[in-house]
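Examining the three-dimensional arrangement
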Amino acid sequence: MKKSVFVRIAAAVMAIVLCLCSMGALAGCTKTRSINVLVYGQYIDLDVISNFKKENGIKVNVDECDTPEELYNKAVNGDQSYDLICTSDYIIERFIKENRLSELNFDNIPNIKNIGEVYLEKSKSFDPENKYSVPHFWGTVGVIYNTKMVSEEDAKSWKMFFNEKYSGKIIMSNSIRDSFLVALEALGYSLNTTDKAQIDEAKQLLIKQKLKAYLVETEARDAMISGEAAMALVYNGEAYLAIEGDEEQNISGNPDLKFTIPEEGTNFWIDSWVVPTYSSNKADAEAFINYLCGVEAAKKNFEYIYYSTPNQALYNELDPEVQQDEDIFPSREVIDKGEVYHDLGADLDAYYSAAWKEIKS
C-alpha cells in the first residue's frame, strides 16, 4: 500500500517537473550545449571563448598541455571526451595514419576563405588533401639571446648552444623534437632524419650540453626577460613578447634581447584544429573552428600571443610595421628553407623517446 502511494506521488512530481521544463520555468532543465577542447597552454584568448558562447550558445571547456607528445597521449589514452584538438603538424600526420580524425564539413566552416593559400599549401605536407585540419598559428623555432652576453657572430649558428663559454646559461625547450632540432641542425642533418646513427650523434651532443634548464616556452620567455640566461630556444611569438612586452598581459619586455634564426635553417611549424573521430559534437566543434577563422576572433588571439597568424584577411588589416616585423612574420626565404616536422613512425618515436630519457637523466 505504501509503495503504491509513493509511486503515484513520484509520478505526479515528475509530471509537474516536465511541465515546468517545457515552460522554461525550472532552471537547469535545458542542458547547455558544450564542446571539450584540447590545446596547448595560453593558445586562445579567454574573451574569444566567452564571446563565442554569447553568440552561439555553446560553452567551450578547455584542457591544456605543454608539449605535442603530452597532447598526443592525452588525446589517445585519456577519456576520449574531446570534440576538438589543436596540435602540431607531425602529430596530425600521426593521427591521420592511425585513422583518428574525422573529415571536416567545410560547409560549416565558410570562414576558411580567410586562411592564406600558402598555409593551406604547406598543410598538405601532413594533411595531403586538406580534409582534416584548419591552421590556427604558424611560426618558426629560433634563438632569443641577450646581446650583453652573446655575440652576434656566435648567434649565427646553432653551434652556439654547445659553446662552452655559455655553460650554465643555456635554456633548451622541454620538447623532444625541438631540442633535437638544435643538435641535428648543428651537425648538418635533417630534422626528419631516420638514420639512428645521426640520432645517436645528436643525442651525445645534447648530453654534453651544460644547461641552465629545460623549460616550456612561457617559462623560457620569462627567464630571458629577467636576465637569468644568455640564450633560449623559443618560438618566434614568445620571442616577440620577451623583447617588446605586453602591458595587458603584464609582460615587461627586455630591450637587451634579440631573436634570430641561425643560418643552418630551422623548423617551419603549423598548429591546426582537428576533430577526433570520437567527438560527439562535431558540428559544434566545426562552428568553433569557423568562429576562430573570423577576423575578429583571429585578431584577439593574435594580439594575445603574437604568434604568426595564417588568417590572410586579418594580416591585410594589420599595420605595415607589424606586417614587416620578421620576429612575428618570418620572411618567405625562412619559410621556404624551413623543414616541416614529419611523423617518423612508432619505431623511431620510441627510439627518440629512449634517447630523450637518457639525455634528461
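Whatever comes next refers back to the structure up there.
The structure contained in this document is the topic of the report that follows. Quantities reported herein were computed from a predicted structural model and do not represent experimental measurements.

Turning next to the side chain of Thr 266. Within the fold, Thr 266 resides in the loop between β8 (257-260) and β9 (268-274). Thr 266 gets classed as buried once you look at its relative accessible area, which sits at 2%. A distance of 2.5 Å separates the side chain of Thr 266 from the backbone oxygen of Val 141, its partner in a polar contact. Apart from the residues lying within four places of it in its own chain, the contact partners of Thr 266 are Thr 140, Val 141, Trp 158, Leu 181, Glu 185, Leu 191, Ile 261, Gly 338 and Glu 339.

We now examine the pairing of strand β5 (residues 170-173). Going residue by residue along β5, you find Ile 170 and Met 172 tucked away on one face and Ile 171 and Ser 173 tucked away on the opposite face as well. Taken together, the 2 bridges between β5 and strand β7 (residues 231-235) define a ladder with parallel strand orientation. Residue pairing for β7: Ile 171 is matched across the bridge by Ala 232. Pairing analysis gives 3 bridges linking β5 to strand β6 (residues 213-215), with the strands arranged parallel. Directly across from Met 172, in β6, lies its bridge partner Tyr 214.

Enumeration over the complete set of coordinates arrives at 19 salt bridges. Here Asp 343 makes a salt bridge to Arg 94, at a shortest N to O gap of 3.3 Å. Taken together, the residues span a long stretch of sequence, with Asp 343 in the loop between α14 (332-337) and α15 (346-360) and Arg 94 in helix α4 (residues 89-97) at a distance of 249 residues. Given the relative accessible area of 11%, Arg 94 is considered buried. A salt bridge links Lys 131 to Glu 129; the nearest nitrogen and oxygen atoms lie 4.0 Å apart. Residue Lys 131 is classed as partly exposed on the basis of its relative accessible area, which comes to 24%. Among the residues examined, Glu 129 registers a relative accessible area of 58% and is labelled exposed. Residues participating in the shared-partner salt-bridge network are Arg 94, Lys 97, Asp 343 and Asp 349.

Attention now moves to the environment of Glu 129. Its place among the elements puts Glu 129 in the loop between α5 (117-123) and β4 (134-146). For the pair Glu 129 and Ala 183, spaced 54 residues apart in sequence, the C-alpha separation works out to 32 Å.

Residues Glu 64, Asp 66, Glu 70 and Glu 219 make up a contiguous surface patch of negative charge. Inspection of the secondary structure assignment puts Glu 64 in strand β2 (residues 58-65).

Okay, empty space enclosed by the protein next. As enumerated under the stated definition, the model contains 4 cavities of 30 Å³ or more in all. Forming the boundary of the largest cavity are 22 residues, of which Tyr 40, Pro 68, Ser 88, Asp 178 and Tyr 235 lie nearest the centre. Elements with a contribution of two residues or more to the lining of the largest cavity: α4, α6 (176-187) and β9. Per-class residue counts for the lining of the largest cavity are 10 nonpolar, 6 polar and 6 charged. Its volume calculated, the second largest cavity comes out at about 100 Å³. For the second largest cavity, the lining is made up of 13 residues, of which His 136, Leu 292, Ala 298, Thr 309 and Pro 310 are closest to its centre. Here the residues of the lining of the second largest cavity are counted per class, giving 9 nonpolar, 4 polar and no charged.

Rules behind the numbers
- Residues numbered from 1 in each chain as written.
- Predicted model: local features only at pLDDT ≥ 70, side-chain atom pairs only at ≥ 80, totals over all residues.
- Heavy atoms only, no water.
- Helix = DSSP H or I, 4+ residues; strand = E, 2+ residues; numbered from the N terminus.
- Buried < 20%, exposed > 50% of the residue type's maximum accessible area, 1.4 Å probe, protein only.
- Polar contact = N/O pair within 3.5 Å; in protein donor to acceptor, adjacent residues only side chain to side chain.
- Contact = heavy atoms within 4.5 Å.
- Pairing = 2+ DSSP bridges.
- Salt bridge = Lys/Arg side-chain N within 4 Å of Asp/Glu carboxyl O.
- Patch = residues over 30% accessible without salt bridge, like charges linked within 9 Å, V, L, I, M, F, W, Y side chains within 5 Å.
- Areas by Shrake-Rupley, 256 points an atom, 1.4 Å probe, with all protein chains shown as cover.
- Lys, Arg positive; Asp, Glu negative; His and termini not counted.
- Charge placed at Lys NZ, Arg CZ, Asp CG, Glu CD.
- 1 Å grid on protein atoms, 1.4 Å probe; cavity = no way out; pocket = protein on both sides within 12 Å on 5 of 7 lines; lining within 4 Å.
- Points joined across faces, edges and corners; volume = space filled by probe spheres on them.
- Nonpolar A, V, L, I, M, F, W, Y, C, P; charged D, E, K, R; others polar.

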